[in-house]
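Survey of secondary and tertiary structure
So the chains spell out like this:
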Amino acid sequence: MYVAVKGGEAAIANAHRLLADRRRGDRDVPALTLEQITGQLALAVDRVMAEGSLYDPDLAAMAVRQSRGDMIEAIFLLRAYRTTLARFGNSRPIDTAKMRIERRVSATYKDIPGGQLLGPTFDYTHRLIDPAMAGDEPVDEPLRRAREDERRAPRVTDILNDEGLIERDVLSDEEPGDLTRDPTAFPADRDVRLQALARGDEGFLLSLGYSTQRGYGRTHPFVGEIRIGLVDVEIDVPELGFAVSLGQVRVTECQMVSQFTGGGEEGAKFTRGYGLVFGQSERKAMAMSLVDRALRADEFDEQRLAPAQDEEFVLAHCDNVQATGFVEHLKLPHYVDFQAELDLLRTLNTAKAKNDEMREAAE
Amino acid sequence: MTLPEYNFAYLDEQTKRMIRRSILKGIAIPGYQVPFASREMPMPYGWGTGGVQVTAAILGPDDVLKVIDQGADDTTNAVSIRAFFAKTANVATTTKTADATVIQTRHRIPEAPLSAGQVIVYQVPIPEPLRFLEPRETETRVIHGLEEYGLIHVKLYEDIAQHGHIATTYAYPVKVEDRYVMDPSPIPKFDNPKMNGSPALQLFGAGREKRIYALPPFTHVVSLDFEDHPFEVQKFKQPCALCNATGVYLDEVVTDDRGSRMYVCSDTDHCETRREEGHRGPGLPISGAQTVKEDAA
Amino acid sequence: MTSPILSVRDLERRYGDFIGCTDISFDVWPGEVVAIVGESGSGKTTLLNCISGRLDRSSGSIRYNMRDGRFPDLADLSEAERRFLMRTDWGFVHQNPADGLRMRVSAGANVGERLMAIGDRHYGEIRHTATEWLGRVEIAGDRIDDKPVAFSGGMRQRLQIARNLVTRPRLIFMDEPTGGLDVSVQARVLDLLRGLVSDLGLAVVIVTHDLAVARLLSQRMIVMKSGRIVETGLTDRVLDDPHHPYTQLLVASILES
């Protein structure tokens, strides 16, 4: 006799129990600590904070651990928590010109005021798996430069800006849009687009940025500057009448100097593509700046033909939490709709068989 | 480090107010897709985040919640969502359609007619009925605004030209109060007529796509068709093997590896209720029916 | 009828400092075919797009004589009214048929779409009308369920024409309708167009760089150069006795080639 499958509840509980077991792994091996994750898998934690759009290294480390290292799952955990948080206010715009710089490179100038600083980069490592990684070999202390508070490191785009060679950086006191609080309407403004890109999937943006370099929406980019370091987050307190610091966050900023735009009264100028992400992630910041510039096609009367220039396409698909949900939901039961399709297919085939029969009989 | 805490029914009160405003707007303009600031939910997009947000926004402590997926109360996702609200809102839950004040559903409308005072919340993956004909939001909004619905009939025309039938079997588009063309969510078209003139309030939530829409009680809902190819629902040749019901939607169950099949109610509550009332289908043994609980894990 | 169907006055369209077209005034009368000729860059396509409501103008007026007797400026119509005009009372034949057809939808649905857009809901009647129109543009009835991707260039163009005419419009805009076709195919399409235009009494504004097309189809001609009208007149007069030096050059170059 047929018995309908029951016991969804028990199945779920058992699955969760098994998941917890696999997550923990061999009990004879010590569990990962959050300090280990934030300290030794810092770039994973950074990515989770950036795409989870919540700056909290400890929670991000917990999420990485809870997700067994599945980054999108960890990002999802952080997002689902972030959405429940109350808003106390908006910070002032962070000032990256005053960043405590750990790394800073420019591809447009040989040397720049404040100097080029390689910082902790993989760039010139040889990608040979290091036998030392199998164990816990001693690691040398890094060299530290003396802290020079007075040393100015102006942003490269500010240098171009002062000379009038790049589109003007317009200061605005307007409240930026918030796509987590308001539904996105198209066409979207640049503030909303940048917000979407900042929390967009690194891989998706990387591929889109890459596509612009290969001719699908070329922007002729130069890396004006990439800088990574700590910036103050300040908030205005009306009762006090001045801004107070809430602390510091590490960010990566990429300013891409792109295709100049022609003449008019103002003369020819380079245009900007902008990337800013939480933590250390040059790849993401660079890709973001390429895509930001490509999406500004209308502003510069450029034809919109490539995917990276298509605002609806990019914004609707850059979010990996949305994307993974909709792709993966296909594994949920769909048997009711499938039944309807089966039924139709059988009807169509029966009709065809009948037709064929009649035709044969006629012949 | 502070550890997370959560509000009644998970969402904070500000968010609920925002969602309720969108619901009210949707009720005021039946069939119109109201954009809303969909939140990230603790279940993945595609698992019913839109429906869950709508339910969270309307749920009160006295509500009795029923959750179904594919018509069944015991499918894993239905169980999971029901458990979510039992935990975060501590509301009473039920599998009985008649006892529920709020019913959240994916892919079905219960067989038993809904009554005044009940709310049914549909989970919607793609709220835009024109999306697969016109991918651009900017364009589809103009089409709805100006009622330029020729395109959707092109699709139906093509179906008939190619197959001799309108070949849309689920998510079959409807016209609401002779104004907006609306996606009824991926329910089989069998369920479409139940939407028309229902005394219950019908709410639709699409989380990923950030849209809410609604059908107030007793709204006129018509499935699109041609005069000479009128809308028809699926008909099943046999009754439910368990409860002998006819005129209901049946699931086809493959019972062995030789291709044997039986057909049973997709609405599990309807089927159980009928069996309790003494209805017996040909698939039940003669002596004493029993529902065996099996551990599926 | 005593008034024009379309009346254009002092029309200008700029792109920043660049002039697309300027100082344009002319009327189109019911049943009349007006050709706008000029070389590429002369502003004729800009002009066509402006008067057909596909491109915003910078200044000037464009008035249309509605079926209900009103004679409003297009800018004063609501978007709903404008779009309704475009799918009922007007037609637009693109140079490239792919721009005016749904390439992945059957020929029957391509023709039937406008009927469904204005509320026809009888499949059999829509199909019957579509078959009839396919016949009028010399496409065999048994191709009704084929998609335009399977059609030759000439057939696609004839299908685009049928798709536009099915709602019995009063005014058709055409942008180089034979421009993308082989010479042998051009003649057939032109012949067909000439027959349909006179049978249906259509008013047509046609943009072409091909004076032979203008001579065959149009009664009146507008010659454009650098965004301005340099000469207008009856087609035969302009071609046989061009007044403006530029027109003389244009006519001479055709005769020489």
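Residues numbered from 1 in each chain as written. Chains lettered and ligands numbered in written order. Predicted model: local features only at pLDDT ≥ 70, side-chain atom pairs only at ≥ 80, totals over all residues. Heavy atoms only, no water.

For chain B, the name recorded in an unreviewed UniProt entry is Alpha-D-ribose 1-methylphosphonate 5-phosphate C-P lyase, with Neorhizobium huautlense as its organism. We quote the UniProt Function (unreviewed entry) comment for chain B here in full: "Catalyzes the breakage of the C-P bond in alpha-D-ribose 1-methylphosphonate 5-phosphate (PRPn) forming alpha-D-ribose." Recorded in UniProt under Catalytic activity (unreviewed entry), the annotation for chain B is "alpha-D-ribose 1-methylphosphonate 5-phosphate + AH2 + S-adenosyl-L-methionine = alpha-D-ribose 1,2-cyclic phosphate 5-phosphate + methane + 5'-deoxyadenosine + L-methionine + A + H(+)". (UniProt positions renumbered as here; feature names shortened; annotations may be inferred.)

As annotated in an unreviewed UniProt entry, chain A is Alpha-D-ribose 1-methylphosphonate 5-triphosphate synthase subunit PhnI from Neorhizobium huautlense.

Digging into the overall build of chain A
Looking only at helices and strands, one finds 12 helices and four strands in chain A. Taking 21 Å as the expected radius of gyration for a compact globule of 363 residues, we find that chain A reaches 26 Å, considerably beyond that expectation. In terms of overall dimensions, chain A has C-alpha extents of about 95 × 65 × 55 Å along its principal axes. Per-residue burial over chain A gives 39% buried out of 363 residues. Summed over its atoms, the accessible surface of chain A is roughly 21900 Å², and 54% of this surface lies on carbon and sulfur atoms. Counting 46 positive and 63 negative side-chain charges, chain A places the centres of these two groups 3 Å from one another. (Helix = DSSP H or I, 4+ residues; strand = E, 2+ residues; numbered from the N terminus. Rg over C-alpha atoms; globule rule 2.2 N^0.38 Å. Buried < 20%, exposed > 50% of the residue type's maximum accessible area, 1.4 Å probe, protein only. Areas by Shrake-Rupley, 256 points an atom, 1.4 Å probe, with all protein chains shown as cover. Lys, Arg positive; Asp, Glu negative; His and termini not counted. Charge placed at Lys NZ, Arg CZ, Asp CG, Glu CD.)

With respect to the domain arrangement of chain A
All names here are of chain A. Domain parsing of chain A yields domain 1 (10–82) and domain 2 (96–120 + 151–323). Relative placement of domain 1 and domain 2: their C-alpha centres are 29 Å apart. Contact with domain 1, which involves 14 residues of that partner, is made by 17 residues of domain 2. Buried surface at the junction of domain 1 and domain 2, summed over both partners, amounts to about 1300 Å²; 53% is from carbon and sulfur atoms. Taken as a group, Glu51, Tyr55 and Arg79 account for 43% of the area that domain 1 buries against domain 2, more than any other trio of residues on that side. Seen at the junction of domain 1 and domain 2, the total is two salt bridges. Where domain 1 packs against domain 2, one counts eight residue pairs in polar contact (both at pLDDT 80 or more). Among the secondary structure elements, those contributing two or more residues to the side of domain 1 that touches domain 2 are α3 (42–52) and α5 (71–82). (Domains from an automatic or database assignment. Contact = heavy atoms within 4.5 Å. Buried area = accessible area lost by both parts, 1.4 Å probe. Salt bridge = Lys/Arg side-chain N within 4 Å of Asp/Glu carboxyl O. Polar contact = N/O pair within 3.5 Å; in protein donor to acceptor, adjacent residues only side chain to side chain.)

Comments concerning the interface of chain A and chain B
In this assembly, 54 residues from chain A lie in contact with 71 residues from chain B. Summing both sides of the interface, chain A and chain B together bury roughly 5400 Å²; the carbon and sulfur share of this comes to 62%. In this assembly, chain A and chain B are joined by four salt bridges. With a shortest N-O distance of 2.6 Å, Arg136 of chain B and Asp310 of chain A are connected by a salt bridge. Applying the counting rule to chain A against chain B returns 19 residue pairs in polar contact (both at pLDDT 80 or more). With 12 residues, the top contributor of residues to the side of chain A that touches chain B is helix α12 (residues 335–362) of chain A. Taken together, the residues of the side of chain A that touches chain B break down into 27 nonpolar, 12 polar and 15 charged. (Nonpolar A, V, L, I, M, F, W, Y, C, P; charged D, E, K, R; others polar.)

So, the interface of chain B and chain C
Interface size, as often reported, equals the accessible area lost upon joining of the parts. Contacts between the two partners involve 17 residues from chain B, matched on the other side by 22 residues from chain C. Summed over both sides, the interface between chain B and chain C buries roughly 1800 Å², with carbon and sulfur atoms accounting for 60% of that surface. The interface formed by chain B and chain C holds three salt bridges in total. For Glu139 of chain B, the salt bridge goes to Arg83 of chain C, with nearest N and O atoms at 3.2 Å. Put simply, chain B and chain C have 11 residue pairs in polar contact (both at pLDDT 80 or more) between them. Secondary structure elements with two or more residues in the side of chain B that touches chain C: α4 (137–145) and α5 (150–163) of chain B. With eight residues, the single largest contributor to the side of chain B that touches chain C is α5 of chain B.

What about the sheet that holds strand β10 (residues 221–223) of chain B?
All names here are of chain B. Strands sit in the order β7-β6-β10 across an open sheet of three strands; the sheet is antiparallel. In this open sheet, the two edge strands, each paired with only one partner strand, are β7 (180–182) and β10. Between one strand and the next, the sheet's axes are offset by a mean angle of 30°, whatever the strand orientation. Across three bridges, strand β6 (residues 174–176) lies against β10 in antiparallel orientation. By the bridge assignment, Val176 is partnered in β10 with Val221. (Pairing = 2+ DSSP bridges. Axes fitted to C-alpha atoms, helices over the stretch in contact; angles between N-to-C directions.)

Re the domain arrangement of chain B
Residues and elements named next belong to chain B. When cut into domains, chain B gives domain 1 (13–218) and domain 2 (250–294). Contact with domain 1, which involves 13 residues of that partner, is made by seven residues of domain 2. Of all residues in domain 1, the largest losses of buried area upon contact with domain 2 belong to Gly71, Lys96 and Glu111, amounting jointly to 47% of the total for that side. Counting the contacts that link domain 1 with domain 2 gives two salt bridges. Between domain 1 and domain 2 we count six residue pairs in polar contact (both at pLDDT 80 or more) in total. Of the residues contributing to the side of domain 1 that touches domain 2, the split by class is three nonpolar, four polar and six charged.

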